[in-house]
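# Close look at the chain arrangement
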Amino acid sequence: MAASDSIALFLSCGRRLLRQQPREQNGGVACSADWPTAYRLCLWSRLASRVLLPLGRFEALDAEQLYAGAKAIDWPGWFSANRSFAVEVAGRSNTLTHSHFAALKLKDAIADRFRDDHGRRPDVNADDPDVPVHLHLNASRVNLSLDLSGGSLHRRGYRTKGAAAPLKETLAAAILLRSGWPEVAQRGGALVDPLCGSGTLVIEGAFMAADIAPGLERERYGFQSLRNYDRAVWDGLLAEARERRKAGLEKLPPLLG
């Protein structure tokens, strides 16, 4: 979250959309939304690196306070023991100076809460978890969140492998928005990138001009592993995005790289 091209959306989700203006925070934007809107943000946000759902904010002067505060959260209410999870740590703490140790204490707290409530614990999968858990450290304060996006949203799903010195898709989208490309595309103007490398600017430019949801080709999101996942709502959003893509590709302006 410290990188200049990384933005997080901190969501407070409920049954109804709360009319609350988005608020800038360090490294991100905070807002309130209902669950369909949270799904839509994951699917359509071109700039956010992830969409986080805060579950707990408290002071932790040492590892034991982190453990106690984390264990008090109803993790089994959010996902089942059949799902794997992993912990990502960001930020800095005056007291929890070793991020790996903080991650281990949080993992222990989650596992112990499951074991106390249900007699079994979920597996940890550091490489490809069903439910990524985000721990943000800020001095003596900690924020615990679920990563609804399930990993960085710059991974759109259209690349089979990375390229040398890549430009992140989220940063490319930000450059195009700042340059006024969507307005140029609406007028039928062309996009030319003579030094395109792996083509990120051209591809993101095409996505914008053709009204293509940047997350349409992603295989999985974090919210799909939660207990309250509404597949019917998600399928409806995907169907809408596919229709918009079909219509948008018919009016795609010239793009050269």
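Here the structure is shown first, and the text comes after it.
Residues numbered from 1 in each chain as written. Predicted model: local features only at pLDDT ≥ 70, side-chain atom pairs only at ≥ 80, totals over all residues. Heavy atoms only, no water.

### A word on the overall build of the protein chain
Scanning the protein chain from terminus to terminus reveals seven helices and nine strands. Here the C-alpha atoms of the protein chain give a radius of gyration of 20 Å, agreeing with the 18 Å that 2.2 N^0.38 yields for 257 residues. The principal-axis extents of the C-alpha atoms in the protein chain amount to approximately 60 × 40 × 35 Å. Looking at the protein chain as shown, the accessible area adds up to about 13600 Å², and 49% of this sits on carbon and sulfur atoms. (Helix = DSSP H or I, 4+ residues; strand = E, 2+ residues; numbered from the N terminus. Rg over C-alpha atoms; globule rule 2.2 N^0.38 Å. Areas by Shrake-Rupley, 256 points an atom, 1.4 Å probe, with all protein chains shown as cover.)

### What about the packing of aromatic side chains?
Here the structure, examined in full by the defined rule, presents 12 aromatic pairs. Here a set of aromatic residues connected by ring pairs shows up, and it is made of Trp35, Tyr39, Trp78, Tyr221, Phe223, Tyr229 and Trp234. A cation sits over an aromatic face here: Arg218 above Tyr221, 4.9 Å from the ring centre. When the ring centre of Trp44 is taken as origin, the NZ or CZ atom of Arg244, which lies over that ring, is 3.9 Å away. (Phe/Tyr/Trp six-rings, centres within 6.5 Å; stacked < 30°, edge-to-face > 60°. Lys NZ or Arg CZ within 6 Å of the ring centre and 35° of its normal.)

### Some words on the environment of Asn138
Mapped onto the elements, Asn138 comes out in strand S6 (residues 131-139). Between the C-alpha atoms of Asn138 and Leu252, which are 114 residues apart in sequence, the distance is 45 Å.

### Focus on helix H3 (residues 99-118)
One turn of an α-helix holds 3.6 residues; hence residues three or four places apart share an orientation. Helix length check: H3, at 20 residues, gives a terminal C-alpha distance of 28 Å against a target of 28 Å (1.5 Å per residue), a fit within 8%. For H3, every residue scored as buried is listed here: Ala102, Ala103, Lys105, Leu106, Lys107, Ala109, Ile110, Ala111, Arg113 and Phe114. Here the buried face of H3 lies against helix H2 (63-71), strand S5 (85-93), S6 and strand S7 (141-147). Of the residues flanking the end of H3, it is Gly119, one or two places downstream, whose phi is positive at about 80°. (Expected span 1.5 Å × (residues − 1). Buried < 20%, exposed > 50% of the residue type's maximum accessible area, 1.4 Å probe, protein only. Contact = heavy atoms within 4.5 Å.)

### Details of the packing of helix H4 (residues 169-179) against helix H6 (residues 200-209)
It is at 9 Å that the axes of H4 and H6 come closest, and there the two elements cross at 65°. Crossing hand, H4 versus H6: right-handed. The segment H4 lies against H6, with Glu169, Ala172, Ala173, Ile175, Leu176 and Leu177 engaging Thr200, Leu201, Glu204, Gly205 and Met208. Among the residues making up the contact of H4 with H6, the classes are represented as seven nonpolar, two polar and two charged. (Axes fitted to C-alpha atoms, helices over the stretch in contact; angles between N-to-C directions. Left-handed = near helix turned anticlockwise from the far one by under 90°. Nonpolar A, V, L, I, M, F, W, Y, C, P; charged D, E, K, R; others polar.)

No statement about biological role is implied by the geometric values presented.
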